[in-house]
Amino acid sequence: MTRPPSGDQHVIRGGGYEACVAGVGATLRSLRHERRDLVVPFDEDEPRPAMRGALLAPWPNRTGDGRYAYAGVSHQLPLTEPGLGHAAHGLVAWLGFRLVGATGSRVLLTGTIEPQPGYPWRVRLDVEHAVGEDGCTQRVTATNESPQVAPYGVGGHPYLVAGAGGRGAVDGWMLELPARRVLLTDERLLPVREVDVAEHAALDFRRARRIGPAELNHAWTALEPGPDGRTRVRVLDDTGRGAELVADARCRWLQVYTADHQDGDAWRGGLAVEPMTCPPDALRSGRDLVGLEPGRPWTTGWTIRAVGTG
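Residues numbered from 1 in each chain as written. Predicted model: local features only at pLDDT ≥ 70, side-chain atom pairs only at ≥ 80, totals over all residues. Heavy atoms only, no water.

Let's shift gears to the side chain of His 86. Here His 86 shows up in strand β9 (residues 86–88). A polar contact of 3.5 Å, which involves the side chain of His 86, links it to the backbone oxygen of Leu 84. Within polar-contact distance, the side chain of His 86 engages the backbone oxygen of Arg 188 at 2.8 Å. Those residues in contact with His 86 that sit more than four places away from it in its chain are Arg 62, Thr 63, Gly 64, Asp 65, Leu 79, Thr 80, Glu 81, Arg 188 and Leu 190. (Helix = DSSP H or I, 4+ residues; strand = E, 2+ residues; numbered from the N terminus. Polar contact = N/O pair within 3.5 Å; in protein donor to acceptor, adjacent residues only side chain to side chain. Contact = heavy atoms within 4.5 Å.)

Below you can see the structure in the form of structure tokens.
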């Protein structure tokens with residue numbers, strides 16, 4: 001049997017949720033609750049479009065010019081976003097992950113970043129997806145198998161949907177994002193300065209409000225977590241239905257992207273809500289970058305769940 005372009009398919013069910021995890025990139029290919037899509041899905045027989053549901057590691061977002069220094073040594077990454085001149089979204093989005101274990105409601109995949117030009121460390125990633133009454137939870141555990149400390153950041157890239165998706169659907173949705181600060185970027189989408197959202201009303205979503213025609217592709221921080229220490233982002237339609245992403249305390253950043261540079265029905269057809277442990281360009285700035293000690297696992301995670309009924 002021919003393996004589909006998105007890799008081996010792993011379907012899990014529980015608590016009214018059904019998720020399909022694809023082996024290439026340990027990707028959340030689809031997620032439904034009571035037959036309602038919570039993320040923009042894609043077909044198993046196509047290569048994953050627009051990073052939908054991909055795992056981003058050992059850095060999320062962009063590394064400007066692909067150049068950075070760590071522990072006094074300079075490194076040059078391949079430029080995977082040549083139009084802007086960046087190394088984008090890490091090294092595992094197209095890596096084939098293998099199955100370690102599974103039950104009806106849980107799947108565990110593993111993959112290894114091998115030492116290579118620009119990133120001379122070996123890092124194993126164990127990625128668990130589990131569904132239940134609380135939604136679909138993804139946990140990512142990184143273990144540095146090199147003798148030296150490795151720079152590391154991780155994130156996810158789901159496109160959330162509220163009610164019916166499709167071309168231009170984002171304009172009618174409400175966004176609630178409890179964050180006090182946001183990064184402004186230049187024409188290459190690299191950070192230039194951090195500002196308070198109170199001074200930039202167009203980027204203040206601390207109270208739920210309609211997205212409208214706003215073009216968002218920013219990283220928010222100074223997050224305001226709930227009593228459990230986790231931060232909740234909600235995307236809702238006019239009926240109050242939608243999806244919620246809940247990120248743990250190690251995800252100090254949330255990138256939100258309104259899919260303005262996609263074609264066809266994908267144009268503003270889903271809202272990328274990306275939990276990240278560090279900001280864009282963190283390999284260069286060092287901000288919130290994790291130093292992975294050899295042999296010491298480091299775990300973070302997030303959950304996507306349904307909001308509203310019917």
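The next subject is the nonpolar core. The biggest cluster of nonpolar side chains holds 76 residues, and the ones touching the most others in it are Leu 125, Tyr 152, Leu 175 and Trp 220. Discounting residues that sit within four places of it in the chain, Tyr 152 has contacts with Ala 57, Pro 58, Leu 125, Val 140, Ala 142, Leu 289, Val 290, Leu 292 and Trp 298. (Core = buried A, V, L, I, M, F, W, Y, C linked by side-chain atoms within 4.5 Å. Buried < 20%, exposed > 50% of the residue type's maximum accessible area, 1.4 Å probe, protein only.)

Before going further, it helps to examine the sheet that holds strand β11 (residues 106–113). Spatially, 9 strands are ordered β10-β11-β12-β13-β27-β23-β22-β17-β20 in an open sheet, and the strand pairing comes out antiparallel. The strands lining the two open edges of the sheet, one partner per strand, are β10 (98–102) and β20 (209–210). By the bridge criterion, 6 bridges tie strand β23 (residues 242–247) to strand β27 (residues 298–307) in an arrangement that is antiparallel. From the neighbouring strand, Ala 243 faces β27, where its bridge partner is Ala 306. (Pairing = 2+ DSSP bridges.)

Along the polypeptide, Arg 62 turns up in strand β6 (residues 62–64). Setting aside anything within four residues of it in sequence, one finds Arg 62 in contact with Glu 81, Leu 84, His 86, Ala 87, Ala 88, Arg 188, Leu 189, Leu 190, Pro 280 and Asp 281.

Here we come to the state of the cysteines. Considering all chains together, one arrives at 0 disulfides under this definition. Free of any disulfide, Cys 251 has its nearest neighbouring cysteine sulfur in Cys 278, separated by 9.9 Å. By relative accessible area, Cys 251 is classed as buried at 2%. (Disulfide = S-S within 2.5 Å.)

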